[in-house]
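Residue-level listing of the chains:
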Amino acid sequence: MSTATLVSKTVEVAGRGAMVQFYTATITTAAITTGGLPVETVVIPGALANDQVWVNAGSALAGLQIQGGKVTSTDTVSVYMQNNGWVTSLATSTQLLDILILKRGKGADTTSA
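Just so you know, these numbers come straight off a predicted model, no measurement behind them.

1. Describing the environment of proline 45
Considering the arrangement of structural elements, one finds proline 45 in the loop between strand 4 (39-43) and strand 5 (52-57). Residue classification places proline 45 among the exposed positions, given a relative accessible area of 59%. Spatially, the C-alpha atom of proline 45 lies 9.8 Å from that of valine 77, the residues being 32 residues apart in sequence. Those residues in contact with proline 45, other than ones at most four positions away along the chain, are Tyr23 and Asp75.

2. Considerations on the sheet that holds strand 6 (residues 64-73)
Across the sheet, three strands lie side by side as 4-7-6; this open sheet has antiparallel pairing. Both outer strands of the open sheet, strand 4 and strand 6, are each paired with one neighbouring strand and no more. Across the sheet, the mean angle from the axis of one strand to that of its neighbour is 25°, orientation sign disregarded. In terms of strand pairing, strand 6 meets strand 7 (residues 76-83) through eight bridges, oriented antiparallel. Bridging across to strand 7, valine 71 finds its partner in valine 77.

3. With respect to the pattern of salt bridges
The full count for this structure, using the stated rule, is two salt bridges. Note that glutamate 12 is salt-bridged to lysine 9, the shortest N-O span being 2.7 Å. By relative accessible area, which is 36% here, lysine 9 ends up partly exposed. In this structure, the salt-bridge partner of aspartate 51 is lysine 103, at a minimum N-O distance of 2.6 Å. Of this pair, aspartate 51 sits in the loop between strand 4 and strand 5 while lysine 103 is found in strand 9 (residues 93-104), placing the two residues 52 residues apart along the sequence. Both residues of the pair, aspartate 51 and lysine 103, belong to the buried class.

4. Focus: the side chain of glutamine 21
Tracing the backbone shows glutamine 21 in strand 2 (residues 18-29). Relative accessible area serves as the criterion here: at 6%, glutamine 21 is assigned to the buried category. For glutamine 21, the side chain forms a polar contact with the side chain of tyrosine 23, separated by 3.4 Å.

Quick notes on the rules
Residues numbered from 1 in each chain as written. Predicted model: local features only at pLDDT ≥ 70, side-chain atom pairs only at ≥ 80, totals over all residues. Heavy atoms only, no water. Helix = DSSP H or I, 4+ residues; strand = E, 2+ residues; numbered from the N terminus. Buried < 20%, exposed > 50% of the residue type's maximum accessible area, 1.4 Å probe, protein only. Contact = heavy atoms within 4.5 Å. Pairing = 2+ DSSP bridges. Axes fitted to C-alpha atoms, helices over the stretch in contact; angles between N-to-C directions. Salt bridge = Lys/Arg side-chain N within 4 Å of Asp/Glu carboxyl O. Polar contact = N/O pair within 3.5 Å; in protein donor to acceptor, adjacent residues only side chain to side chain.

Below you can see the structure in the form of structure tokens.
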């Protein structure tokens, strides 16, 4: 498991009882064997256990699937991946992730970067 580097908030939108935050993060995964299920962590200040998380890989390797993400502790989002077996093993690689966090019960109609 590795922790993401270069995490940045790209936009935050709040309104009508919810706030959506968009982040990008760069992670470097270790080699992943066929069927491997690595978990990578991303430190996102303010992430809380009841927040909903969506994760997308901008340019994932062939065979690497993003299974999802969730807040596993305060300020920490875990990203679940899988080598679905298209190739026997996936080499160490750098992935750019888009992360969206929905915070309910927050905000009044605003937008910021």
